[in-house]
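# Overview (structure and organization)
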Amino acid sequence: MRRSPANRRPNWQQRVEEVGLLYHTTPSGMPYWDESAFYELTAKEVDELERATNDLHGMCLEAVDHVIARARYSELGIPANAITLIERSWNDEPPAIYGRFDLSYDGRSAPKLLEYNADTPTALLEAAVVQWYWLQDVAKDRDQFNSIHERLIAGWKDLKPYLKGDVLHLAGLDTWEDTLTLAYMNDVASQAGVDTNQLTMEEIGWDNGRARFVDLDNRPLSSVFKLYPWEWLVREQFGEHLVPSYDSTTWIEPAWKMVLSNKGILPILWELHPGHPNLLESYFEPGTLKSYAKKPLLSREGSNITLVNEIAATTSDDAGYGEEGFIYQALAPLPDFDGRRPVVGSWVIQGQSAGIGIREADGPITGNTSRFVPHLF
């Protein structure tokens, strides 16, 4: 795996906007989509990432079953009102479509799991579409570890018979990340023959008379793809309606993903598979770890993470996470390419490895404005 400099396409802003990436430059003028370089992998490295992703997903499903069977919810800070949702959705197997593992990988040692974004992962359009069109423009004789788009369409075709109602609603916050991801997911679901309607979370209402979630036109929400974390949903005022409406509204991703999107799954994975080459030593207490990442159970976008070694500590931006508790994960320093540190986002579509997207930061912690850099092999 190596990082190579590249010339930006003369009309790169127009090219990425044409395929839906309207947010390509930060307000400060720095590129979020950065094609001034690319990462080059070998076919062997692609095979290794694919194998590791599939293995990790299998271990994660085993870990969910373990948590449910042994009722280890309190260790993950999962509230009591979410347990019924988790257990019913795990047993009923409602539709699920995607997730993203974040991996530390340099091509020399085994990929290491940093965390699993199993509930509301973003940077999907960039990985599935934008970098693929970049490849066609600059190196169409090369290949890319990327079948995300095709697998998403196929996935929605598979899930269509299991969706409730006539319309799939897609809901999220009014942010650029959610808007991009929802618009793209809307597109692939539509290409799969699913009727869709997009709205924001604020536009979801509750009809007391029918005991149903409804949209602005008072149409029932029967199937909802959401970009709103389950740990937020169950704590909202309308969270009390989630269990009574379980049979009338299917939420995608399903509630059991609360277990996997929680950093507490990392110590449990290590407990179940100690020494596994794709896992980092992780605990609910630091114990004997001398160098570690202290991560809140529910943090997002790299917030409230502290990296500790024997010399110093580095802490990321404070977004108010941490009251729910922490886990302690052995440090896996990201590979350093002249000060750029990439994280490999490895996508899982319907339980199978589907491709990668690479985000890089100038420091040791990846945040929501870290650059997306394309890849090829």
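Summarised in this report is the structure supplied together with it. (Residues numbered from 1 in each chain as written. Predicted model: local features only at pLDDT ≥ 70, side-chain atom pairs only at ≥ 80, totals over all residues. Heavy atoms only, no water.)

## A short note on the overall build of the protein
When you go through the protein residue by residue, the secondary structure sums to nine helices and 19 strands. Since a compact globule built from 377 residues should have a radius of gyration of about 21 Å, the 20 Å found for the protein is in line with a globular shape. Taken across its 377 residues, the protein has 56% of its residues classed as buried. Restricting the contact set of the protein to residue pairs at least 6 apart, pairs at least 24 apart contribute 70%. By element, 47% of the accessible surface of the protein is carried by carbon and sulfur atoms, the whole surface being about 16,000 Å². Counting 34 positive and 55 negative side-chain charges, the protein places the averaged centre of each group 4 Å from the other. (Helix = DSSP H or I, 4+ residues; strand = E, 2+ residues; numbered from the N terminus. Rg over C-alpha atoms; globule rule 2.2 N^0.38 Å. Buried < 20%, exposed > 50% of the residue type's maximum accessible area, 1.4 Å probe, protein only. Contact = heavy atoms within 4.5 Å. Areas by Shrake-Rupley, 256 points an atom, 1.4 Å probe, with all protein chains shown as cover. Lys, Arg positive; Asp, Glu negative; His and termini not counted. Charge placed at Lys NZ, Arg CZ, Asp CG, Glu CD.)

## With respect to the nonpolar core
Residues I86 and W230 are the most contacted members of the largest nonpolar core, which totals 60 residues. In terms of residue count, helix α2 (residues 43-69) provides more of this core than any other element does, nine residues in total. In contact with W230, other than residues within four places in its own chain, are L85, D119, L242, W251, E253, P254, A255 and M258. In this structure, Y98, A123, A189 and V194 belong to the second largest nonpolar core, which totals 44 residues. (Core = buried A, V, L, I, M, F, W, Y, C linked by side-chain atoms within 4.5 Å.)

## Focus: the pairing of strand β5 (residues 168-172)
With respect to burial, β5 is a largely interior element, five of its five residues being buried. Sheet topology note: the β5/strand β6 (residues 196-200) ladder contains five bridges and is parallel. Each bridged residue has a counterpart across the sheet, and for L168 the counterpart in β6 is T196. Chirality of the crossover, the property in question, places the unit of β5, helix α6 (residues 176-191) and β6 among those that are right-handed. Note: β5 against strand β9 (residues 223-227), five bridges, orientation parallel. (Pairing = 2+ DSSP bridges. Right-handed = clockwise from strand over helix to strand, strands pointing away.)

## What about the pattern of salt bridges?
Applying the stated criterion across every chain, the model contains 22 salt bridges. Its salt-bridge partner being R371, residue E360 comes within 3.2 Å of it at the nearest N-O pair. Within this pair, whereas E360 is found in strand β17 (residues 352-361), its partner R371 is found in strand β18 (residues 371-373), the two being separated by 11 residues in sequence. In this structure R371 comes out as buried when scored by relative accessible area, which is 14%. A salt bridge links D362 to R371, with the nearest nitrogen and oxygen atoms 2.8 Å apart. Residue D362 is classed as exposed on the basis of its relative accessible area, which comes to 55%. (Salt bridge = Lys/Arg side-chain N within 4 Å of Asp/Glu carboxyl O.)

## Quick look at the sheet that holds β5
Strands sit in the order β6-β5-β9-β10 across an open sheet of four strands; the sheet is parallel. Looking along the sheet, the strands with just one partner apiece sit at the ends: β6 and β10 (250-252). The average undirected angle you get between the axes of adjacent strands in this sheet is 25°. (Axes fitted to C-alpha atoms, helices over the stretch in contact; angles between N-to-C directions.)

## Details of the packing of aromatic side chains
The description of an aromatic ring pair uses the distance of the two centres, along with the angle that the planes make with each other. Tallied over the full model, the rule gives 17 aromatic pairs. Judged by centre distance (5.9 Å) and plane angle (45°), the rings of F38 and W134 are tilted. Here the residue F38 occupies a position in strand β2 (residues 37-40), and W134 occupies one in helix α4 (residues 124-138), the gap between them amounting to 96 residues. Looking at W134, the relative accessible area reads 2%, which means it is buried. With 5.3 Å between their ring centres and 75° between their planes, Y228 and W232 make a pair best called edge-to-face. (Phe/Tyr/Trp six-rings, centres within 6.5 Å; stacked < 30°, edge-to-face > 60°.)

## Some points on the pairing of β2
Here β2 shows a buried face lined by A37 and Y39 and a second buried face lined by F38 and E40. The pairing of strand β1 (residues 2-5) with β2 spans four bridges and is classified as antiparallel. By the bridge assignment for β2, R2 is matched with E40.

## A closer look at helix α9 (residues 265-272)
Counting buried positions over the eight residues of α9 gives six, a clear majority of the element. Every buried residue belonging to α9 is among I265, L266, P267, I268, L269 and W270, and all of these are buried. Elements that come into contact with the buried residues of α9 comprise α2, β4 (112-117), α8 (257-260), β11 (282-283) and β15 (326-330).

## Re the side chain of N186
Position of N186 relative to the elements: it lies in helix α6. We classify N186 as buried; its relative accessible area is 13%. Once you skip the residues sitting within four places of it in the chain, N186 turns out to touch L170, T196 and Q198.

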